[in-house]
There are 4 protein chains.
Amino acid sequence: MLRAAVVGGTGYGAVELIRLIDKHPHLQLNTVISHSQSGTEIEEIYPHLTNLIHITMDEWNIQKLAKIIDVVFFATPPGVSQKLVPECRQHGLQCIDLSGDFRLINPETYETWYAYSAAPQEYLNEATYGLTEIYGDDIKNSKLISNPGCYPTATLLALIPAVKQGWVKMDSIIIDGKSGVSGAGRKVSLATHFSEVNENLKAYKLGAHQHIPEIEQYLQQESKEPNTQVTFSTHLIPMTRGLMCSIYFDLTEKKTTEELINFYTEVYSNHPFIRIRPEGIFPATKEVSGSNYCDIGIHSDPRTGKVTIISVIDNLVKGASGQAIQNLNLMNGWDVRTGLLEIPIYP
Amino acid sequence: MLRAAVVGGTGYGAVELIRLIDKHPHLQLNTVISHSQSGTEIEEIYPHLTNLIHITMDEWNIQKLAKIIDVVFFATPPGVSQKLVPECRQHGLQCIDLSGDFRLINPETYETWYAYSAAPQEYLNEATYGLTEIYGDDIKNSKLISNPGCYPTATLLALIPAVKQGWVKMDSIIIDGKSGVSGAGRKVSLATHFSEVNENLKAYKLGAHQHIPEIEQYLQQESKEPNTQVTFSTHLIPMTRGLMCSIYFDLTEKKTTEELINFYTEVYSNHPFIRIRPEGIFPATKEVSGSNYCDIGIHSDPRTGKVTIISVIDNLVKGASGQAIQNLNLMNGWDVRTGLLEIPIYP
Amino acid sequence: MLRAAVVGGTGYGAVELIRLIDKHPHLQLNTVISHSQSGTEIEEIYPHLTNLIHITMDEWNIQKLAKIIDVVFFATPPGVSQKLVPECRQHGLQCIDLSGDFRLINPETYETWYAYSAAPQEYLNEATYGLTEIYGDDIKNSKLISNPGCYPTATLLALIPAVKQGWVKMDSIIIDGKSGVSGAGRKVSLATHFSEVNENLKAYKLGAHQHIPEIEQYLQQESKEPNTQVTFSTHLIPMTRGLMCSIYFDLTEKKTTEELINFYTEVYSNHPFIRIRPEGIFPATKEVSGSNYCDIGIHSDPRTGKVTIISVIDNLVKGASGQAIQNLNLMNGWDVRTGLLEIPIYP
Amino acid sequence: MLRAAVVGGTGYGAVELIRLIDKHPHLQLNTVISHSQSGTEIEEIYPHLTNLIHITMDEWNIQKLAKIIDVVFFATPPGVSQKLVPECRQHGLQCIDLSGDFRLINPETYETWYAYSAAPQEYLNEATYGLTEIYGDDIKNSKLISNPGCYPTATLLALIPAVKQGWVKMDSIIIDGKSGVSGAGRKVSLATHFSEVNENLKAYKLGAHQHIPEIEQYLQQESKEPNTQVTFSTHLIPMTRGLMCSIYFDLTEKKTTEELINFYTEVYSNHPFIRIRPEGIFPATKEVSGSNYCDIGIHSDPRTGKVTIISVIDNLVKGASGQAIQNLNLMNGWDVRTGLLEIPIYP
């Protein structure tokens, strides 16, 4: 049994971690850290936890934590985990960071897109990018995981198999991202006000989203084309959970829908959380709601020669807390499905 | 390990049963019966089950079922289970009926409100009303459970403790029911068309809902006032899951909010799925979403002397499939929480 | 042509006033006052006004206003209009206040429920309660209108005809209020965060809503029963616009549904914005969306002897800005329908 | 005053036409044709029309219509108007067809994509494509308008100005379409069931939508590149009204965002219903809700050299009934804004 702490206790990432840790047979939630709500019972903030989680939120104190905790999850805003992870690693704690602080290898890129100072280079080097299905071998040997962003997860799982084969014209990639509102967190703002979002559809951060360099970094790495740049736009969907990336690209050689589906099915055959839909069927976000699945539909248009891939996840599970648990499973030699094998909630 | 069949395989009640059976350590889903979709893989109808449930739906055949099944769940429209339950009982199968066919003791009342012929008297007599927290002792010894309706579950759990004490003026009860759309099932109709329901709020079936006689039957039984009649109205809320009853009544003797909360907390102290909110706090449906909890808030108005109780459930879990599992746990001597102890999905 | 100013320019009440003033043949929008956004073009805050309303928001300045304005609408938080209305009245401007500052005759009641100091008694005395269909004769002769709250509008229009006849047992009234989120205004808060409200249903302010004394004041006045007290609860519905009151009461003498519907139809026969539904039909909020209608359905239960009335409005139109325009029409001798005769938006 | 008939009386297109005709100073709604509901009062089907529209729906009868009607609007399923328009034209009636029956010049293309026989060639030749801002001169002289589809309206208004300049690489165009559910009409189906659509996001008809040949036909015509083919996918958004096209293409020559915005602003300077957003601002569907506006935001990415255009409309207004009225205004020499100059409903 590993003893876990969650840092960033009042956000949606944290509260989803709490739900998943509670289900996990080898994890015990021990501590929830919240700077703003230290001293408060978590069930006062989240009444759905009444009678289920009896924890008073605490301030960060590494001396205290190091004695009672084995693994720390960071569900914190940018700029926070980069300060706390070094302390944890020095005490030998396993760390999984759900923020963007350790995702970009190049500190300058981080500083450009996040407008914060970057994490210390030593820890950037140590961190392993936790895209489980792709980098599983590295994750098994890591103690510090940089958990991927929600859009990069849906995008990279959909693109990397074809990219590695050299089938994708790397300057043709367009990613039309669509996310439910929980992706914006629990912080109040006009942008997440119900009356502004409901019965509305809004594009935001065109060409300016901090997930762009993250996507490009791994596409460059897998394609060996260092100048790979994607066109990426994001849209706010009037729903709470769920994320879809509609991805368009040109093929370098002709591939039918059937060939692509067969190839993806084969590539992911040992990965229980990736489900490839049959020809002519495309996944909907509700089909993965509350679960760690990434469902993918593929269409190679015989008319235009372009490929469209539809990739859906629950942004709070496979796009954040679920993938964190999945990574922890690998890090500790447990079955990758431990605590995560659950049927999505439908409807 | 009990082997389970679900009848009515394409509806929301059935698909939620499938989710919950899959989580249950002592249950194995063996058969899904669907008259309209016999021969179809269930994952073709419900892609969220892809790779998770491999079952081809089947026609009803008691000879075949009796050999491979121990318990049958009926998630069927009115008039169906009353024909199939007798066959099951003759073969010794445990039965849990989620429809209204066995809820009304008086066949004429059933025929008036449901406009179908009633079930055979012998089986009406045998059936136990599965309101778990109230009738647990009877449920333990039953093989045929009539699972309560969603509105009666939320209403009776909120009212019966006070009614049994004689604190409720029985001619003063008003129940303002509010339900998400999944309560209307998966059948297509203009009433559940997205463009008609979304950004809309509609009252329906005023004084005419088939849950009225069910509520009155048990209030009469517990109050010993045979003429108890409630005012009950229902409203369609633009959300998928969740049900709230806002219940109003006059007290027969003065009770403060604090006294009522203390009393309810005591009554339900050994019932893990009932959570009483502290004074001034009222539950929201999202706080029980995806879970078997019934959360209750109580307000005794010092100005008007009237009591308001807010009772919320997930209509598909505690209001249907979850309570069915809870009852099965009692019937088989398992811990009442088996397979159900899960944190609600939030947000 | 009257020249109008709107005070409180960035809220939803103001922006709806701007929409309605723009349609009105005898009104010209001249000035928008916003303390927080003074100096900003309104179309920067509300891009839907692009190319349509070219107004730079301004600070309050009565000297300047008095020269260029004939009528001032206040769509301001509590405590604001009580300070500005006296200045306007001293300069002879017509005033319509959409806030609660002039609704409660008794200053102490205001101070208890609003937690602000009350408006000067002289102006409380001058103000006319703008429930158009009921107090039209007074409104015609007034220069200072206190526009009703959204819940009181839906409630009082539904109750007053029966109350005036003495048909309502005045200690039996229960009002189950249900409102879309725009009723809470545009201010950001966790309570209006999309992820908290969507797919959720929440009761709030039980027995504590500031509309309670407003409803009671006019029910007392019309019934001549000074101790009239109502049970009033409010629920937040996951939709933007629309408000429903489900109202329950005991009759003092037997009346059938048909009798009540005929009576209400007669009472409101010269009032184009009140529409009484036929027996067995109940209105939905979408049926009045974007319009000034108040639609009412009535059910007298032959079993229980209780009456249920369902009353729906668009909270931002008949519940606020539309009724304000309707009152202005009366004040200036125009047809009450001027600028308001429009088909609701459906779906 | 022209006398109007609406054919297809129970659908959303028709009911929106009724709303807009009612506002129009030169139009009088005389007849509503509905095959399925002939003999029924329209307010029985649509209670929001209570007291406002007193029309009994009728069967189609050209002899009767020709005597009392000047203009006929068809809001009918595919295959219907092609049979009725010839009769109308023979009697000299003005016709505006909101269906797809007259949109595709090539009958074989129609038959391939719609799976119906095409309209008679004579009438295909007579029909004018009613994309008002682009083909206004032709519309002025036409008596038979083929009103554009919702996706083509948003797409073509966004693309044609750049296409005509030769700035668009015609084989690079990707259109990611997103629509509210009202676009699917009022017919009941599982695809529009609230519980299936709400809190869900679904891609549909990838590369198979009947609006593809319509878009390509006009892009080919304007670009003079006969082989122009677009990649077009559509997504169902959990909202009722509103449509967005996110359009991506490569430039043939470098253009900055500023240059493009200035050019579009100039092109559309005399077209009041097209509003170009300033740099860095993108329109949301709610900003045009209930109105005839098409709002456009443009981004030319300096990193990738690709252009993204966000184009939003209310699918039922500019995407259908509003544009129909706009066309009728031109056909009759009225100001193009007649009956349409209204502020969008917000929020």
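Given the structure is predicted, the values throughout are model-derived calculations rather than measurements. (Residues numbered from 1 in each chain as written. Chains lettered and ligands numbered in written order. Predicted model: local features only at pLDDT ≥ 70, side-chain atom pairs only at ≥ 80, totals over all residues. Heavy atoms only, no water.)

Here's the deal with the overall build of chain A
(1) Moving on: For chain A, the helix and strand inventory stands at 12 helices and 13 strands.
(2) Moving on: Computed over C-alpha atoms, the radius of gyration of chain A comes to 20 Å, within 12% of the 20 Å expected from 2.2 N^0.38 for 347 residues, which places it in the range of a compact globule.
(3) Moving on: Projecting the C-alpha coordinates of chain A onto the three principal axes gives extents of approximately 60 × 45 × 40 Å.
(4) Moving on: The buried share of chain A, taken over its 347 residues, is 68%.
(5) Moving on: Long-range pairs, those at least 24 residues apart, make up 70% of the contacts in chain A between residues at least 6 apart in sequence.
(6) Moving on: As presented, chain A carries roughly 11200 Å² of accessible surface, and 48% of it is formed by carbon and sulfur atoms.
(7) Moving on: Across chain A, the 28 positively charged side chains and the 38 negatively charged ones have centroids separated by 2 Å. (Helix = DSSP H or I, 4+ residues; strand = E, 2+ residues; numbered from the N terminus. Rg over C-alpha atoms; globule rule 2.2 N^0.38 Å. Buried < 20%, exposed > 50% of the residue type's maximum accessible area, 1.4 Å probe, protein only. Contact = heavy atoms within 4.5 Å. Areas by Shrake-Rupley, 256 points an atom, 1.4 Å probe, with all protein chains shown as cover. Lys, Arg positive; Asp, Glu negative; His and termini not counted. Charge placed at Lys NZ, Arg CZ, Asp CG, Glu CD.)

Considerations on the relation of the copies chain A and chain D
(1) Moving on: Of the transformation superimposing chain A on chain D, the axial component is 0.0 Å and the angular component is 180°, with the fit at an RMSD of 0.0 Å. Within this description, the copies of the chain are treated as partners about a two-fold rotation axis. Residue P238 of chain A, judged by its C-alpha, is the member of chain A lying nearest the rotation axis, at 3.2 Å.
(2) Moving on: In this assembly the copies share their binding face: 100% of the residues contributing to the interface of chain A also contribute to that of chain D. (Least-squares fit on C-alpha atoms with pLDDT ≥ 70 in both.)

A few points about the pairing of strand β2 (residues 27-33) of chain D
One face of the sheet, then the other: side chains in a regular strand alternate in exactly this way.
All names here are of chain D.
(1) Moving on: Most of β2 is tucked away, with five of its seven residues classed as buried.
(2) Moving on: Pairing of strand β1 (residues 2-7) with β2 involves six bridges; the strand directions are parallel. Looking at the pairing, V7 lines up with I33 of β2.
(3) Moving on: For the segment spanning β1, helix α1 (residues 12-23) and β2, crossover handedness is right-handed. (Pairing = 2+ DSSP bridges. Right-handed = clockwise from strand over helix to strand, strands pointing away.)

Describing the UniProt feature "domain: Semialdehyde dehydrogenase NAD-binding" (unreviewed entry) in chain A
(1) Moving on: Summarizing the sequence annotation, UniProt attributes the feature "domain: Semialdehyde dehydrogenase NAD-binding" (unreviewed entry) to residues 3-142 of chain A in the numbering used throughout.
(2) Moving on: For residues 3-142 of chain A, the helix share is 40%, the strand share is 16%, and the end-to-end C-alpha distance is 18 Å. (UniProt positions renumbered as here; feature names shortened; annotations may be inferred.)

Considerations on the packing of helix α8 (residues 150-164) of chain C against helix α10 (residues 211-223) of chain C
Residue and element names in this part refer to chain C.
(1) Moving on: Put simply, α8 and α10 touch, their axes get as near as 10 Å, and they point 20° apart. The angle between the axes of α8 and α10 places the two elements in the roughly parallel class. In terms of crossing hand, the pair formed by α8 and α10 is right-handed. Side by side, α8 and α10 meet where C150, Y151, P152, T155, L156, L159, I160, V163 and K164 of the first sit next to H211, E214, I215, Y218, L219, E222 and S223 of the second.
(2) Moving on: Within the contact of α8 with α10, the residues separate by chemical class into 10 nonpolar, three polar and three charged. (Axes fitted to C-alpha atoms, helices over the stretch in contact; angles between N-to-C directions. Parallel < 35°, antiparallel > 145°, perpendicular 65-115°, else oblique. Left-handed = near helix turned anticlockwise from the far one by under 90°. Nonpolar A, V, L, I, M, F, W, Y, C, P; charged D, E, K, R; others polar.)

Some points on the packing of aromatic side chains
Residue and element names in this part refer to chain B.
(1) Moving on: Going through the model one piece at a time under the given rule, you end up with 46 aromatic pairs over all chains.
(2) Moving on: Aromatic pair F263 and Y264: ring centres 6.0 Å apart, planes at 85°, arrangement edge-to-face.
(3) Moving on: Classification of F263 by relative accessible area gives buried; the value is 18%.
(4) Moving on: Assessed through its relative accessible area of 1%, Y264 is described here as buried.
(5) Moving on: Positioned above the aromatic ring of Y293, the side-chain terminus of R275 is 4.2 Å from the ring centre. (Phe/Tyr/Trp six-rings, centres within 6.5 Å; stacked < 30°, edge-to-face > 60°. Lys NZ or Arg CZ within 6 Å of the ring centre and 35° of its normal.)

Description of the domain arrangement of chain A
All names here are of chain A.
(1) Moving on: In terms of domain boundaries, chain A breaks down into domain 1 (2-126) and domain 2 (151-315).
(2) Moving on: Averaged C-alpha coordinates put domain 1 and domain 2 at centres separated by 27 Å.
(3) Moving on: If you look at the interface, domain 1 gives 12 residues, while domain 2 gives 15 residues.
(4) Moving on: Surface buried jointly by domain 1 and domain 2 totals about 1100 Å² across both partners, of which 55% is contributed by carbon and sulfur atoms.
(5) Moving on: Per-residue buried area on domain 1 facing domain 2 is highest for Y12, R103 and W113; these three make up 51% of the total on that side. (Domains from an automatic or database assignment. Buried area = accessible area lost by both parts, 1.4 Å probe.)

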